[in-house]
Amino acid sequence: MAYFFEINNKFFILATFMLLGLFISSLKKIGAQPIGVCYGQIGDNLPPEQEVINLFRTNGIGKMRIYGPNPAILEALRGSNIELILDVTNDKLEALSDAATANDWVRQNVLNYPDVTYRYIAVGNEIKPNDGRAQYVVPAMQNIHNAIVSANLQDQIKVSTSIDMSLLGNSYPPSAGSFSDGASSYMASVVTFLANNGAPLLANVYPYFSYIDNSQSISLDYALLKSPGVVVQDGEYGYQNLFDATLDALYSALEKSGGSNVKVVVSESGWPSEGHAAATIDNAAAYYQNLINHVNSGTPKRPGQAIQTYLFAMFDENKKGPEETERHFGLFHPDKQPKYQIRFN
């Protein structure tokens, strides 16, 4: 009888360790998924921050982008294992070109939350080269990076900036991708910083806007990742969707700027559900699900390299504008009900 109980006790212990291992593995798997979601707060009817973090976890969304250091969000993220992109807001760029101010910013918004899983700091969002604040972007990036290094977190947290595709002067065909004359000098300094520090470029990529600006030349299926075959042949590379073509045009521009080894993280991509003839529930649902299904495959220039992609956005934000579509990019309604039947992993 004693032998029987000893055997059963060993099986119980083994089973417990196996279950614990599966649980830890599932947490790591969630964080390893390439899909994240942007959590904006430009609305007056959004749920409390802790409920939003719970919604991320319930849906297996392991990555988040927020557009500034909101203490309520950072508190709610403690111990969640959700990987975070934290933005430095554009109005703080000049101040953070001062090293002491940057140190204070990192201490207050990063080091004070050791149980939050920071992944990237986005120093500025969609800053244009002719913006007076552009001169402060790289100095602020360097100061934030130095503060991260001082805390010995440089392997965990990478410092970058987030750009939009208007900085490309040429994007067709993708192999001819290059930064515009007005952006080339600005981007050269950004790319040098990223290459020197092993950091990716963050890029907001929206086939929706390319489609509505040029719907006579771009098919809806190509924009929605629905084309059954190659639409654009560019030398050895065949493109079935506009998302890949845009991303590879950006890779070509990086290569021409000395950033052959700089990776791209898609820090925003989405499709609205109202406000334009192409902005429908069906189109948006197709775009989001097709993108989720696709990102593990990489692009023709970077096949098999999963594309870290942050969907825009978690909720419809009723105070955004001025275009009506800006209020309808949400994956969820403000009451936390899903707008689409989407599988995030």
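Residues numbered from 1 in each chain as written. Predicted model: local features only at pLDDT ≥ 70, side-chain atom pairs only at ≥ 80, totals over all residues. Heavy atoms only, no water.

1. Considerations on the pattern of salt bridges
Opposite charge on two side chains permits them to pair, given that their charged atoms come into close proximity.
Piece 1. Using the criterion set out here, one finds 16 salt bridges in the structure.
Piece 2. Arg78 is the salt-bridge partner of Asp115, the closest N and O atoms lying 2.8 Å from each other. Here Asp115 is found in the loop between α5 (99-111) and β4 (117-125), whereas its partner Arg78 is found in the loop between α3 (71-77) and β3 (83-88), with 37 residues between them in sequence.
Piece 3. Between Lys128 and Asp164 there is a salt bridge; the shortest N-O distance is 2.8 Å. Linking Lys128 in the loop between β4 and α6 (137-150) with Asp164 in strand β5 (residues 158-164), this pair joins segments that are 36 residues apart in sequence. (Salt bridge = Lys/Arg side-chain N within 4 Å of Asp/Glu carboxyl O. Helix = DSSP H or I, 4+ residues; strand = E, 2+ residues; numbered from the N terminus.)

2. Remarks on the sheet that holds β5
Piece 1. Read around the barrel, eight strands follow the order β1-β2-β3-β4-β5-β8-β11-β12 and close on themselves; strand pairing throughout is parallel. For this sheet, the mean inter-axis angle between neighbouring strands, taken without regard to orientation, is 25°.
Piece 2. With four bridges connecting them, strand β8 (residues 201-204) and strand β11 (residues 264-269) associate as parallel partners. What sits directly across from Leu201, in β11, is Val264.
Piece 3. Against the sheet, helix α2 (residues 49-58) makes contact with β1 (35-39) and β2 (63-66), and its axis sits at roughly 165° relative to β1, the strand it touches most.
Piece 4. Contacting β5 and β8, helix α7 (residues 181-197) crosses the sheet at an angle of about 150° to β5. (Pairing = 2+ DSSP bridges. Axes fitted to C-alpha atoms, helices over the stretch in contact; angles between N-to-C directions. Contact = heavy atoms within 4.5 Å.)

3. Regarding the nonpolar core
Piece 1. Judged by nonpolar contacts, the single largest core of 106 residues is most densely connected at Met64, Ile121, Ile144, Phe179, Met187 and Phe344.
Piece 2. Among the elements that make up this core, the one with the highest residue count is helix α10 (residues 242-256) (nine residues).
Piece 3. For Ile144, the contacting residues outside a window of four places in its chain are Leu96, Ala102, Trp105, Val106, Ile121, Val123 and Val159. (Core = buried A, V, L, I, M, F, W, Y, C linked by side-chain atoms within 4.5 Å. Buried < 20%, exposed > 50% of the residue type's maximum accessible area, 1.4 Å probe, protein only.)

4. Here we look at unusual backbone geometry
Piece 1. Note that the residue after Tyr172, namely Pro173, is joined by a cis bond; omega there is -10°.
Piece 2. That bond from Phe312 to Ala313 is cis: its omega, 10°, falls within 30 degrees of zero.
Piece 3. Relative to the assigned elements, Ala313 resides in the segment after β12 (309-311).
Piece 4. Of note in the backbone geometry, Glu126 takes a positive phi value of approximately 55° without being a glycine.
Piece 5. Looking at where Glu126 falls in the secondary structure, it is placed in the loop between β4 and α6.

5. Some details on the pairing of β1
Piece 1. With five of its five residues buried, β1 lies for the most part within the structure.
Piece 2. Judged by which residues are buried, β1 turns out to be covered on both faces: Ile35, Val37 and Tyr39 on one side and Gly36 and Cys38 on the other are all buried.
Piece 3. Here β1 pairs with β12 via three bridges, running parallel. In the sheet register, Ile35 faces β12, and the bridge partner there is Thr309.
Piece 4. Sheet topology places β1 next to β2; three bridges connect them, and they run parallel. Within β2, the position partnered with Tyr39 by the bridge is Ile66.

6. So, the environment of Val137
Piece 1. Positionally, Val137 belongs in helix α6.
Piece 2. Its relative accessible area of 0% is what places Val137 among the buried residues.
Piece 3. It is 11 Å that separates the C-alpha atoms of Val137 and Phe193, two residues lying 56 residues apart in sequence.
Piece 4. If we skip the residues at most four places from it in the chain, Val137 touches Leu93, Val123, Ile127, Thr161 and Tyr186.

7. So, the side chain of Asn241
Piece 1. Structurally, the position occupied by Asn241 is in the loop between β10 (237-239) and α10.
Piece 2. Of note is the side chain of Asn241, whose polar atom sits 3.2 Å from the backbone nitrogen of Phe243.
Piece 3. At 2.7 Å, the side chain of Asn241 and the backbone nitrogen of Asp244 are in polar contact.
Piece 4. Discounting chain neighbours no more than four positions away, the residues touching Asn241 are Tyr222, Leu225 and His294. (Polar contact = N/O pair within 3.5 Å; in protein donor to acceptor, adjacent residues only side chain to side chain.)

8. Here's the deal with the layout of surface pockets
Piece 1. Estimated volume of the largest pocket: approximately 990 Å³.
Piece 2. Contributing to the lining of the largest pocket are 40 residues, with Asp164, Asn204, Val205, Tyr206 and Phe209 lying nearest its centre.
Piece 3. Of all the elements in the fold, those that place two or more residues in the lining of the largest pocket are α8 (207-213) and α10.
Piece 4. With four residues, the single largest contributor to the lining of the largest pocket is α8.
Piece 5. A class-by-class count of the residues in the lining of the largest pocket yields 21 nonpolar, twelve polar and seven charged.
Piece 6. Elements with a minimum of two residues in the lining of the second largest pocket: β4, α7, α10 and β11.
Piece 7. Classifying every residue of the lining of the second largest pocket gives twelve nonpolar, five polar and four charged. (1 Å grid on protein atoms, 1.4 Å probe; cavity = no way out; pocket = protein on both sides within 12 Å on 5 of 7 lines; lining within 4 Å. Points joined across faces, edges and corners; volume = space filled by probe spheres on them. Nonpolar A, V, L, I, M, F, W, Y, C, P; charged D, E, K, R; others polar.)

9. Some thoughts on the packing of aromatic side chains
Piece 1. Considering all chains together, one arrives at 15 aromatic pairs under this definition.
Piece 2. With 5.1 Å between their ring centres and 70° between their planes, Tyr208 and Trp271 make a pair best called edge-to-face. With Tyr208 in helix α8 and Trp271 in the loop between β11 and α11 (281-294), the pair connects residues that are 63 residues apart, well separated along the chain. Exposure class is identical for Tyr208 and Trp271. Each is buried.
Piece 3. Each ring, one from Trp271 and one from Tyr287, has its centre 5.5 Å from the other, and the planes form 35°; the classification is tilted. (Phe/Tyr/Trp six-rings, centres within 6.5 Å; stacked < 30°, edge-to-face > 60°.)

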